[in-house]
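A look at the structure
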Amino acid sequence: MGGSLRVAVLGAPGVGKTAIIRQFLFGDYPERHRPTDGPRLYRPAVLLDGAVYDLSIRDGDVAGPGSSPGGPEWPDAKDWSLQDTDAFVLVYDICSPDSFDYVKALRQRIAETRPAGAPEAPILVVGNKRDRQRLRFGPRRALAALVRRGWRCGYLECSAKYNWHVLRLFRELLRCALVRARPAHPALRLQGALHPARCSLM
């Protein structure tokens, strides 16, 4: 048995958080967007590099529809498990600059609420809706460089609609979470997880 990991998938409403999770767990994609009614918790078992891990994947909006990240409407961090999460997936829509700003504020909020002395939780910033590449608001290379060098987070783009890079997303995040105790730059640890590895649901 490999152990257990707590993962939070966060981002602005409508960026595709639930769609990404459902593709990973069930291999399906809802053609019609339905806002997630409150946070949800999924508990799959995953096989990674020959070891089985029990995951707790939290799906939810931290600041809720219509509120501003970092503003007065932020809920208590403990209620959203920001302090005891092992790894974060921060999702934005590559066609929406506002959703990218939302992720930027989320990252800052996570850093502010992390208890002193607590292990650093890896953060993977994910640009969803790659299938709408022609409508993106900024070049991929520039955004990736900003996230990796400026924010010191991992970066990846995916398409929940076509199940492109969804498995890779979780594989990289889990591998990074498992080696987070090593003295290495967080972004470098995520990039080091790019080599092929078996990751599948039980």
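Residues numbered from 1 in each chain as written. Predicted model: local features only at pLDDT ≥ 70, side-chain atom pairs only at ≥ 80, totals over all residues. Heavy atoms only, no water.

**Some thoughts on the environment of Glu 120**
Here Glu 120 lies in the loop between helix H2 (97-113) and strand S6 (123-128). For the pair Glu 120 and Asp 86, spaced 34 residues apart in the sequence, the C-alpha separation amounts to 8.2 Å. (Helix = DSSP H or I, 4+ residues; strand = E, 2+ residues; numbered from the N terminus.)

**Let's talk about the pairing of strand S5 (residues 87-93)**
The buried fraction of S5 amounts to 7 of the 7 residues, a majority that puts the element mostly inside the structure. Along S5, one buried face is formed by Ala 87, Val 89, Val 91 and Asp 93 and the opposite face, lined by Phe 88, Leu 90 and Tyr 92, is buried too. Judged from the 5 bridges that link them, strand S1 (residues 3-11) and S5 form a sheet pairing that is parallel. When the bridges of S5 are listed, Val 9 appears paired with Val 89. The β-α-β motif built from S5, the intervening H2 and the parallel element S6 has right-handed crossover chirality. (Buried < 20%, exposed > 50% of the residue type's maximum accessible area, 1.4 Å probe, protein only. Pairing = 2+ DSSP bridges. Right-handed = clockwise from strand over helix to strand, strands pointing away.)

**A look at the pairing of strand S4 (residues 51-59)**
Bridging between S1 and S4 involves 7 bridges; their strand directions are parallel. Residue Ala 8 lies in a different strand from S4, and its bridge partner there is Arg 58. Note: strand S2 (residues 40-42) against S4, 3 bridges, orientation antiparallel. Across the sheet, Leu 41 pairs through a bridge with Arg 58, a residue of S4. Note: strand S3 (residues 45-48) against S4, 4 bridges, orientation antiparallel. Opposite Leu 48, over in S4, you have Ala 51 as the bridge partner. Hairpin connection of S3 to S4: 2 residues between the antiparallel strands, including Asp 49 at a positive phi of 55°.

**Observations concerning the confidence of the model for the protein**
The predicted model of the protein averages 81 in pLDDT, with 77% of residues at 70 or higher. Below pLDDT 50 for its whole length, residues 63-77 participates in 19 contacts with residues either more than four positions away or in separate chains. Low pLDDT, under 50, characterises residues 181-198; the predicted model gives this stretch 38 contacts beyond four residues in sequence or across chains. (pLDDT = per-residue confidence, 0-100. Contact = heavy atoms within 4.5 Å.)

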